[in-house]
Amino acid sequence: MNADSKVTLPRVAKGPRPMMFEDEANDILLSMNVSLLNELTVTRQRLDALERVLEKKGLVDQAEVNGFTPDDAAADERDALRTEISERVMYLLLHQAERAERELSDKDAEDEV
Amino acid sequence: MPDEQFEHGMMTRRSHDEAERQANVRTLRQKVLTKLAAGSREMFYRDIAPAYEKQHGKPLDDYREIRQEMLKGNYMKFQMGFHRVVQELMWEALVPPVEQQLPELIDKSKELDRNLGTLELDPDLELPRYITAVDIHCQPGGFTADHCDGDIAAGAIYDRAIHIYNSRGGGMTDMAGRAICAYLDEIFPDLKPKRILDMGCTVGHSTMAYARRWPEAELHAIDVGPALLRYAHARAEALGHAVHFSQQSAEHTKFEDASLDLITSNILAHETSTKAWPQIIKECHRLLKPGGVMIHADLPQLDEVDPYRQFIYTNETHYNNEPFWTKYRTLDLRKVATDAGFTPDNVIRDFSNVKGGRDRAKIDVAVEHSRGLGHGAPPGSPLGTAFLVGIKE
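Calculation rules
- Residues numbered from 1 in each chain as written.
- Chains lettered and ligands numbered in written order.
- Predicted model: local features only at pLDDT ≥ 70, side-chain atom pairs only at ≥ 80, totals over all residues.
- Helix = DSSP H or I, 4+ residues; strand = E, 2+ residues; numbered from the N terminus.
- Rg over C-alpha atoms; globule rule 2.2 N^0.38 Å.
- Buried ≥ 20, exposed ≤ 12 C-beta atoms within 10 Å, placed from the backbone.
- Axes fitted to C-alpha atoms, helices over the stretch in contact; angles between N-to-C directions.
- Parallel < 35°, antiparallel > 145°, perpendicular 65-115°, else oblique.
- Left-handed = near helix turned anticlockwise from the far one by under 90°.
- Contact = placed C-beta atoms within 7 Å.
- Nonpolar A, V, L, I, M, F, W, Y, C, P; charged D, E, K, R; others polar.
- Pairing = 2+ DSSP bridges.
- Expected span 1.5 Å × (residues − 1).
- Core = buried A, V, L, I, M, F, W, Y, C linked by C-beta atoms within 7 Å.
- pLDDT = per-residue confidence, 0-100.

Trainee: So what exactly am I meant to see when it comes to the overall build of chain B here?
Mentor: The helix and strand inventory of chain B stands at 13 helices and eight strands. For 393 residues, the compact-globule formula gives about 21 Å, and the C-alpha radius of gyration of chain B, at 21 Å, lands near that figure. Projected onto its principal axes, the C-alpha coordinates of chain B cover approximately 65 × 55 × 40 Å. Here chain B holds 393 residues, and the buried ones make up 48% of them.

Given below as structure tokens:
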């Protein structure tokens, strides 16, 4: 193959992929978590890079960012964001909780009938 | 600068995010995994080993049984699962920038060629099955992938991987080569090699240490991976060193009998096979001039470390595509060398942290200490890098 045509490099290694847990779902979840952690770090570092670049240009004062106190409206919005992100990460457990609740209320409804 | 890799002329460029992704994998490996591993070692000595001894009336000192006991709890499963994931994420972080820049990198490899050294590929070379059966270290495509004309991808990927993988390689990732130089300087102060061969050189990171230490010597380096060698050649040219790279199997090379003063290898042994490694040592015996020295660096053998380290070492076979790793560590290396023709007095089994040379008693004491280490022992092998040394009569 010529180097001018686009070469796709393999992403999967030849050889068995050992799983640590009896249920390999746990291995998959672990891989997702660590990968997510890696991406989160990349994003956090990018934000840091951005702040430093902006500070160098005199557009942002890091001390001002660090000492930032939101006003009431902003505080409410930030609180909502915090909850939203947590719920997004915890979505599977929350779904299970919701299902259990629904089953309970369905059962109550049946009992009433 | 905190421990950055030197950006020589052949390096793959990285955006902020690509660089950070790689740097974070290094942190996960060097900082987080190390902490996790210290925890499991503590659990072993504090809880698991005493509980086993109480229940069975005998110590827990067989590495296979240690594995069984350790894997009963979730902690070790998570640690080893995490270990594997970090290894996979390393390649995930390394492959895309190389893929994206491949045509440009191939051009660069040609531009950098100043004809200081040479490159000789052998398209007819039969690739050893022990190198191609699985992708060693889980590197997708392995050491021998050759995707297109002038391909250097395997080398470009591996070059940055060494730095992520090894916390103490230094900016030039040549610590292993420097350790071999330091050993030879101390034990063989009169050695002035005129012709050197580095076996299984990959991208030539250790080879460069020999180029710097013996600039007057004719330096050869061989490997079986064509893309690794093209990259290694360009890398050496970029760094300004004259090295003659060629695609050859260390089992049977094209060099003449008694034509070399020094033969080196670094972590090559455990990537070969039960048949190949003795053959490679035989080949070394054939190639060395009288008085010439071979030195092969790897980790210690299983019977040179304590049972818990045996367990940690042998994990690599199971979880990092290292099929020969455990088997290699049970070979009687002294016997391999004497079977290959080295006289017993001219075979030295030694370690970078011991440097006993011909003082066998000093080395035996150090190994005995290493075997007996228990609770509270520092992480990492106290012996350091292990060497198999042979001097041709």
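Trainee: Teacher, can you tell me more about the packing of helix H1 (residues 24-56) of chain A against helix H1 (residues 16-56) of chain B here?
Mentor: Packed helices, taken two at a time, are described by the angle their axes make and the gap between the axes. Running from amino to carboxyl end, H1(A) crosses H1(B) at an angle of 130°, the nearest separation of the two axes being 9 Å. Regarding the angle of H1(A) to H1(B), the classification is oblique. Crossing hand, H1(A) versus H1(B): right-handed. Listed contacts from H1(B) to A:Asn38, A:Thr41, A:Val42, A:Gln45, A:Arg46 and A:Ala49 of H1(A) are B:His16, B:Asp17, B:Glu20, B:Arg21, B:Asn24 and B:Val25.

Trainee: It is not clear to me how the interface of chain A and chain B should be interpreted in this structure. Could you clarify?
Mentor: Quite often, the size of an interface is put as the accessible area lost when its parts meet. In this assembly, 27 residues from chain A lie in contact with 36 residues from chain B. When the residues that make up the side of chain A that touches chain B are grouped by side-chain class, the tally is 14 nonpolar, eight polar and five charged.

Trainee: Explanation requested: the sheet that holds strand S3 (residues 218-223) of chain B in the structure shown.
Mentor: The strands making up a sheet associate through hydrogen bonds between their backbones, and the pairing can be parallel or antiparallel. Residue and element names in this part refer to chain B. Spatially, the eight strands line up as an open sheet ordered S1-S4-S3-S2-S5-S6-S8-S7, and their pairing is mixed. Of all the strands in the sheet, the pair left with one neighbour each is strand S1 (118-120) and strand S7 (347-351). Averaged over all pairs of adjacent strands, the angle between their axes in this sheet comes to 15°, without regard to strand direction. Where strand S6 (residues 288-298) and strand S8 (residues 386-391) come together, six bridges link them in antiparallel fashion. Paired with Ile295 across the strands is Val389, a residue of S8. Of the strands in this sheet, strand S5 (260-266), S6 and S8 touch helix H6 (residues 175-187), which is tilted by about 135° from S6.

Trainee: Sorry if this is basic, but what is going on with helix H10 (residues 307-319) of chain B here?
Mentor: Since one α-helical turn is 3.6 residues long, residues separated by three or four positions face the same way. All names here are of chain B. Compared with an ideal rise of 1.5 Å per residue, which puts 13 residues at 18 Å, H10 spans 19 Å between its outermost C-alpha atoms and is within 8% of the ideal. The secondary structure elements touched by the buried residues of H10 are H1, helix H2 (63-70), helix H3 (74-111) and helix H11 (325-328). Immediately downstream of H10, the backbone of Asn321 shows phi near 50°, a positive value.

Trainee: Any chance you could explain the packing of H2(B) against H10(B) here in plain terms?
Mentor: Residue and element names in this part refer to chain B. Orientation of H2 relative to H10, taken along the N-to-C sense of each, is 75°, at an axis distance of 8 Å. In terms of orientation, H2 lies roughly perpendicular with respect to H10. On H10, the residues touching Tyr63, Ile66, Arg67 and Met70 of H2 are Pro307, Tyr308, Gln310, Phe311 and Thr314. Among the residues forming the contact of H2 with H10, the class breakdown is six nonpolar, two polar and one charged.

Trainee: How do you make sense of the nonpolar core when you look at a structure like this?
Mentor: Considering soluble globular proteins, one finds that nonpolar side chains tend to be buried as a cluster. Residue and element names in this part refer to chain B. Within the largest apolar cluster, 113 residues are counted, with the highest numbers of intra-cluster contacts made by Met90, Ala153, Leu228, Tyr231, Ala232 and Ile263. Looking at which element gives the most residues to this core, the answer is H3, with 14 residues. Apart from the residues within four sequence positions on either side, Ile263 is in contact with Leu197, Met199, Cys284, Leu287, Leu288 and Met294.

Trainee: Before we go on, may I ask you to explain the pairing of S5(B) in this structure?
Mentor: If a strand is regular, its side chains alternate between the two faces of the sheet. All names here are of chain B. The element S5 is largely enclosed, with a buried count of seven among its seven residues. With four bridges connecting them, strand S2 (residues 195-199) and S5 associate as parallel partners. Within S5, the position partnered with Asp198 by the bridge is Thr264. As judged from the six bridges shared by S5 and S6, these two strands associate in the parallel manner.

Trainee: Sorry if this is basic, but what is going on with the confidence of the model for chain A here?
Mentor: When pLDDT drops low, the exact placement of atoms in the prediction is not to be read closely. For chain A, per-residue confidence averages 86 on the pLDDT scale, and residues scoring 70 or more make up 95% of the total. Mean pLDDT per element in chain A: helix H4 (residues 91-112) of chain A is the minimum at 75, and H1(A) is the maximum at 92.

Trainee: What is the right way to look at the confidence of the model for chain B in this model?
Mentor: Looking at chain B as a whole, its pLDDT mean stands at 95, while 99% of the residues score no less than 70. Here the complex is predicted with pTM 0.90, and the ipTM for its interfaces comes to 0.83.

Trainee: Is there a simple way to explain the pairing of S8(B) in this structure?
Mentor: Residues and elements named next belong to chain B. Burial runs high along S8: six of the six residues are buried. Sheet topology note: the S7/S8 ladder contains five bridges and is antiparallel. Bridged to Phe351 within S8 is Ala386.

Trainee: Please clarify how unusual backbone geometry should be interpreted in this entry.
Mentor: Excluding glycine, a negative phi dihedral is what most residues carry, and trans is how most peptide bonds are arranged. All names here are of chain B. The phi dihedral of Asn115 falls on the positive side, at around 60°, and the residue is not glycine. Looking at the element boundaries, Asn115 is found in the loop between H3 and S1. Judged by C-beta crowding, with 7 C-beta atoms within 10 Å, Asn115 ranks as exposed. Within the chain, His137 stands out as a residue other than glycine whose phi angle is a positive 60°.

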